[in-house]
Amino acid sequence: MTALPTALLPLPNDLYRAISRALLGEIFVHVVAVAAAWTAERDFTLHVYLDRTADAGDAEGLDIILTEVIADFPLDYFRHTAFKIITTTQTVQHLNAHSGFVFARSNKSSFTH
């Protein structure tokens, strides 16, 4: 028997504020959107959508966001945390918002490469 997928919940206000604060100074021109996934089991995944392939510097800088978010909460607040960088050519309207977008660039309605 396979396990049922875990349902996503809306982001708690304190988590939304912590992510927003952590994003200050970390958003650069190739970030299309940032979404978060949150479950009743307290699993948290941050999804950063880029309009190009991430390089090592991007990954290192964006990983700081997750570290700053985690630091805002008690050690037992999260059961599991993860960070994903997704390369996309889709517009924001077609991206998976998961539990909600924390950032979405309004001028990324079309892409030219």
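Keep in mind that what you see is a predicted model, and the values were worked out from it rather than measured.

## Concerning the confidence of the model for the protein
Link 1 in the chain: Residues of the protein with pLDDT of at least 70 account for 90%, and the chain-wide mean is 89.
Link 2 in the chain: The weakest mean pLDDT in the protein belongs to helix H2 (residues 56–71) at 90; the strongest belongs to helix H1 (residues 13–23) at 97.

## So, the nonpolar core
Link 1 in the chain: Ranked by size, the top nonpolar core spans 22 residues in total, and within it Leu15, Ile19, Phe44, Val69 and Phe78 carry the most contacts.
Link 2 in the chain: When residues of this core are traced back to their parent elements, those giving at least two are H1, strand S1 (31–38), strand S2 (43–50) and H2.
Link 3 in the chain: Tallying contributions element by element places H1 first for this core, with five residues.
Link 4 in the chain: If sequence neighbours within four positions are ignored, Phe44 has contacts with Leu15, Ile19, Ala36, Ala37, Trp38, Leu66, Val69, Phe78, His80, Thr81 and Ala82.
Link 5 in the chain: In this structure, Ala33, Tyr49, Val92 and Leu95 belong to the second largest nonpolar core, which totals six residues.

## Considerations on the pairing of S2
Link 1 in the chain: With eight of eight residues buried, S2 lies mostly within the body of the structure.
Link 2 in the chain: Burial of the side chains of S2 extends over both faces: Asp43, Thr45, His47 and Tyr49 are buried on one face and Phe44, Leu46, Val48 and Leu50 on the other.
Link 3 in the chain: When S1 meets S2, the two strands line up antiparallel, connected through seven bridges. Within the sheet, the bridge partner assigned to Val34 lies in S2 and is Val48.
Link 4 in the chain: Note that S2 and strand S3 (residues 80–87) share eight bridges and pair parallel. Its bridge partner being in S3, Phe44 is matched across the sheet by Thr81.

## Structural notes on H1
Link 1 in the chain: Those residues of H1 not exposed but buried are Leu15, Ala18, Ile19, Ala22 and Leu23. Along the axis of H1, the buried residues cluster in a sector spanning 135 degrees; they form a single face.
Link 2 in the chain: Here the buried face of H1 lies against S1, S2, H2 and strand S4 (100–104).

About the cut-offs
- Residues numbered from 1 in each chain as written.
- Predicted model: local features only at pLDDT ≥ 70, side-chain atom pairs only at ≥ 80, totals over all residues.
- Heavy atoms only, no water.
- pLDDT = per-residue confidence, 0-100.
- Helix = DSSP H or I, 4+ residues; strand = E, 2+ residues; numbered from the N terminus.
- Core = buried A, V, L, I, M, F, W, Y, C linked by side-chain atoms within 4.5 Å.
- Buried < 20%, exposed > 50% of the residue type's maximum accessible area, 1.4 Å probe, protein only.
- Contact = heavy atoms within 4.5 Å.
- Pairing = 2+ DSSP bridges.
- Arc of directions from axis to C-beta.

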